[in-house]
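Summary of structural features
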Amino acid sequence: VQTCALPIYLSKKLTSVALTLLVSTTLFAGCSNVKTENKTTNTKETKASVYKRTENVSSVDAKKLLEEGNTRFVENKALDDDISKDKLKDLAINGQKPFAVIVSCSDSRVPPQNIFDQGLGDLFEIRNAGNVIDDITLGSIEYGVEHANAPLIVVLGHENCGAIKAAVDGGKSSNNISAILDKIKPSFDKVKGSTTNKNEIYEKCADENIKNTISAIKSSPEIKKLEKEKKVTVIGAKYHIETGKVTFDDQK
């Protein structure tokens, strides 16, 4: 009896081991599949793979690209940028083809390439405190549309602008900073007295400053000519610091 029991015991033992191996294999296979799926799910498309830039993109299309990019930024769904050697080589050999000129404040919280979720070569950015216009800034804008062929110019102001606050509050400044504030003061003159709320005055001044900057850009004979030929459009926009949202002048 004992001799017959041994094969039966071994048979049961082997069956148990086989079942254990089968379960383990299945579990590991499942884990492997999960990792693969996660890797696939987390892979982002690059900006270059989503948008194919052309030299003939319209101002309407350009604005749409900015709106879509800002939506991704607000929703924390920014695409991976293409900073590969191939991309850098392409820009070096074929040059830049920006679809928009962005005139914005130098504020470190307002980087146009980030808030519009664009990549290398997409935006021609001109930044200074208060997004104001002088001869050098205007010359840079003209270059962006005449030579880089961007069909859209966006004057991008923002909430809580330090330059705006300095112009409204007054006080002593260096000659160079005063040159900036002097550009903003006409905007303040238009809105002062409209409310007793200081924060509202700041934002109204910022909005008016965007309009004044647009007017200064449109006063350029070169820009006037391009506007008349329907080759360029000038619009305003405002960045909201807390939400990350950009509202364009036709959305206010």
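Residues numbered from 1 in each chain as written. Predicted model: local features only at pLDDT ≥ 70, side-chain atom pairs only at ≥ 80, totals over all residues. Heavy atoms only, no water.

As for the overall build of the protein
Tallying secondary structure elements over the protein gives 10 helices and five strands in all. For the protein, contacts bridging at least 24 residues in sequence account for 70% of all contacts bridging at least 6. (Helix = DSSP H or I, 4+ residues; strand = E, 2+ residues; numbered from the N terminus. Contact = heavy atoms within 4.5 Å.)

Notes on the pattern of salt bridges
In the structure shown here, the tally under the stated rule is 14 salt bridges. Note that Glu229 is salt-bridged to Lys225, the shortest N-O span being 2.8 Å. Given the relative accessible area of 35%, Glu229 is considered partly exposed. Across the pair Glu229 and Lys231 runs a salt bridge, and its minimum N-O distance is 3.4 Å. Connected through salt bridges with shared partners, the residues Glu203, Asp207 and Lys238 form a single ionic network. (Salt bridge = Lys/Arg side-chain N within 4 Å of Asp/Glu carboxyl O. Buried < 20%, exposed > 50% of the residue type's maximum accessible area, 1.4 Å probe, protein only.)

Considering the sheet that holds strand 5 (residues 246-248)
In space, the five strands of this open sheet follow the order 2-1-3-4-5, with mixed pairing throughout. Here the strands that pair on one side only, and so sit at the sheet edges, are strand 2 (123-127) and strand 5. Between one strand axis and the next, the sheet turns by 25 degrees as a mean value, whatever way the strands run. As judged from the seven bridges shared by strand 3 (residues 152-158) and strand 4 (residues 233-239), these two strands associate in the parallel manner. By the bridge assignment for strand 4, Val154 is matched with Ile235. Those strands touched by helix 9 (residues 198-218) are strand 1 (100-104), strand 3 and strand 4, and its axis lies near 160 degrees from that of strand 4. (Pairing = 2+ DSSP bridges. Axes fitted to C-alpha atoms, helices over the stretch in contact; angles between N-to-C directions.)

Quick look at the environment of Ile180
Among the secondary structure elements, Ile180 is positioned in helix 8 (residues 175-191). For the pair Ile180 and Asp134, spaced 46 residues apart in sequence, the C-alpha to C-alpha distance is 9.2 Å. When neighbours within four sequence positions are excluded, Ile180 is seen to be in contact with Ala129 and Val132.

Considerations on the packing of helix 6 (residues 135-146) against helix 10 (residues 221-228)
Close contact between helix 6 and helix 10 brings their axes to 10 Å; oriented N to C, the two are set at 30 degrees. The angle between the axes of helix 6 and helix 10 places the two elements in the roughly parallel class. Note on packing geometry: the crossing formed by helix 6 with helix 10 is left-handed. Counting all contacts with helix 6, which are made through Ile141, Glu142, Val145 and Glu146, the residues of helix 10 involved are Glu222, Ile223 and Leu226. (Parallel < 35°, antiparallel > 145°, perpendicular 65-115°, else oblique. Left-handed = near helix turned anticlockwise from the far one by under 90°.)

Thoughts on the confidence of the model for the protein
Chain-level pLDDT for the protein is 85 on average; 77% of the residues reach the 70-or-more range. Below pLDDT 50 for its whole length, residues 21-43 participates in zero contacts with residues either more than four positions away or in separate chains. (pLDDT = per-residue confidence, 0-100.)

Overview of the packing of aromatic side chains
Summed over all chains, the structure comprises two aromatic pairs. On the basis of an interplanar angle of 35 degrees and a centroid distance of 6.5 Å, the ring pair of Phe116 and Phe248 is categorised as tilted. Here Phe116, found in the loop between helix 5 (112-115) and strand 2, pairs with Phe248, found in strand 5; they are 132 residues apart in sequence, far enough to count as distant. Using a relative accessible area of 1% as the deciding quantity, one classes Phe248 as buried. (Phe/Tyr/Trp six-rings, centres within 6.5 Å; stacked < 30°, edge-to-face > 60°.)

Comments concerning helix 7 (residues 162-169)
Along helix 7, the positions that sit buried rather than exposed are Ala163, Ile164, Ala167 and Val168. Relative to the axis of helix 7, the buried residues are bounded by an arc of 135 degrees and lie together on one face. The secondary structure elements touched by the buried residues of helix 7 are helix 8 and helix 9. (Arc of directions from axis to C-beta.)

A look at the state of the cysteines
All told, the structure shown has zero disulfides when counted by the stated rule. For Cys161, which is in no disulfide, the shortest distance to another cysteine sulfur is to Cys105 and amounts to 4.1 Å. (Disulfide = S-S within 2.5 Å.)

A short note on unusual backbone geometry
The residue Asn76 is not glycine, and still its phi comes out positive at about 60 degrees. Within the element layout of this structure, Asn76 appears in the loop between helix 3 (59-74) and helix 4 (85-94). Despite not being glycine, Asn160 shows a phi value in the positive range, around 55 degrees. Locating Asn160 in the fold gives a position in the loop between strand 3 and helix 7.

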